[in-house]
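This is what each chain is made of:
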Amino acid sequence: MPFQGARDMPTASEKPAALRTSIDRASPLPYYIQLKNALIEQIEGGNWLPGDQIPSEPELCRLFGVSRTVVRQALKELAYEGLVVREKGRGTFIAEPKITSTSLVHSLAGFYQDMAARGIRPVNKILQQKVVPADAKAARVLELEVAAPVIRIERLRFIEREPIVLVTSYLPHALCPKVLQADLVNQSLYVFLEEQCGLTIARGRRRIEAVAADD
């Protein structure tokens, strides 16, 4: 997702009041971990928002009374965890929040419901929604004869106007012919199946793969 325009870097007098700048010299925790935790508090507390530029390395050294090595290690850890993005010649910025998809693999919650539960409104661009003969793979998974009619739905899914995933779904045509006329741009396929077709999803199979993009 694109970064928002960064705000001006705060000076020492303008730093968020909640910024905890003390390092416990007697603590067994390494200094860089203490610094990292203090910066995470700012991010999780909402004092720094996605796109905000955080204080520079020299400023962090001065604020926390630590060396440049300590600051760089803390920022390296934050970047590795996806919390900040470091841009050469510009500084360090708070990263856009990531969307995790564990629940999409381990539960039968659809993408739409999963995102809506997080307060995110997904939108679909329907690329294909038609009846096709089942190929060998789809027929095997759906327990149908090869070439049996199935509904193939191909959707490009967006979060906040950004395309995030391309999904292809196959459903037995005989079970849910109404899906062919369904408007799936702003609604969940699972909800449509339950409310309009009288079907409750009991099991499904998802395959997630990374491939070289075609045209």
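Please refer to the structure higher up on the page.
None of these values were measured; they are calculated from a predicted model.

Visitor: When you look at the overall build of the chain in this model, what are you seeing that I'm missing?
Guide: Within the chain, the regular secondary structure consists of 7 helices and 5 strands. In sequence order, the secondary structure elements of the chain are arranged as α-α-α-β-β-α-α-β-α-β-β-α. Residue burial in the chain is summarised as follows: out of 215 residues, 33% are buried. Within the chain, counting contacts between residues at least 6 apart in sequence, those at least 24 apart form 56% of the total. Counting only carbon and sulfur atoms, one obtains 52% of the accessible surface of the chain, whose full area is about 13500 Å².

Visitor: Explain the nonpolar core to me, please; I cannot follow it from the model alone.
Guide: Nonpolar side chains in soluble globular proteins tend to be buried together. Of all hydrophobic cores here, the largest spans 20 residues; its most connected members are Leu-35, Leu-39, Phe-64, Val-71 and Leu-75. Looking at this core, the elements that each hand over two or more residues are helix H1 (31-44), helix H2 (57-64) and helix H3 (68-80). In contact with Leu-39, other than residues within four places in its own chain, are Trp-48, Leu-60, Leu-75 and Leu-78. Membership of the second largest hydrophobic core comes to 11 residues, among which are Ile-151, Ile-153, Val-179 and Leu-184.

Visitor: It is not clear to me how the packing of aromatic side chains should be interpreted in this structure. Could you clarify?
Guide: Aromatic ring pairs are defined here through the distance separating the ring centres and the angle between the ring planes. Tallied over the full model, the rule gives 0 aromatic pairs. The ring of Tyr-31 has Arg-25 lying over it, and the distance from NZ or CZ to the ring centre is 5.1 Å.

Visitor: For this particular structure, what's the right way to read the pairing of strand E2 (residues 91-94)?
Guide: Of the pairings in the sheet, the one linking strand E1 (residues 84-87) to E2 comprises 4 bridges and is antiparallel in character. Within the sheet, the bridge partner assigned to Val-85 lies in E2 and is Phe-93. Linking two consecutive strands that pair antiparallel, namely E1 and E2, is a turn of 3 residues; a positive phi of about 85 degrees is found at Gly-89 within it.

Visitor: Teacher, can you tell me more about H1 here?
Guide: Owing to its 3.6 residues per turn, the α-helix aligns residues three or four sequence positions apart on the same side. Compared with an ideal rise of 1.5 Å per residue, which puts 14 residues at 20 Å, H1 spans 20 Å between its outermost C-alpha atoms and is within 8% of the ideal. Burial in H1 covers these residues: Ile-33, Gln-34, Leu-35, Lys-36, Ala-38, Leu-39, Ile-40, Gln-42 and Ile-43. Elements in contact with the buried residues of H1: H2, H3, E1 and E2.

Visitor: Whenever I open this one, the sheet that holds strand E4 (residues 149-159) confuses me. Can you help?
Guide: Strand pairing within a sheet occurs via backbone hydrogen bonds; the two strands may be parallel or antiparallel. Across the sheet, which stays open at both edges, the 3 strands sit in the order E3-E4-E5 with antiparallel pairing between neighbours. Looking at strand neighbours, the two that pair on one side only are strand E3 (122-133) and strand E5 (162-172), the edges of this open sheet. The average undirected angle you get between the axes of adjacent strands in this sheet is 15 degrees. Bridge count between E3 and E4: 11 bridges; the pairing is antiparallel.

Thresholds, definitions, all that
- Residues numbered from 1 in each chain as written.
- Predicted model: local features only at pLDDT ≥ 70, side-chain atom pairs only at ≥ 80, totals over all residues.
- Heavy atoms only, no water.
- Helix = DSSP H or I, 4+ residues; strand = E, 2+ residues; numbered from the N terminus.
- Buried < 20%, exposed > 50% of the residue type's maximum accessible area, 1.4 Å probe, protein only.
- Contact = heavy atoms within 4.5 Å.
- Areas by Shrake-Rupley, 256 points an atom, 1.4 Å probe, with all protein chains shown as cover.
- Core = buried A, V, L, I, M, F, W, Y, C linked by side-chain atoms within 4.5 Å.
- Phe/Tyr/Trp six-rings, centres within 6.5 Å; stacked < 30°, edge-to-face > 60°.
- Lys NZ or Arg CZ within 6 Å of the ring centre and 35° of its normal.
- Pairing = 2+ DSSP bridges.
- Expected span 1.5 Å × (residues − 1).
- Axes fitted to C-alpha atoms, helices over the stretch in contact; angles between N-to-C directions.

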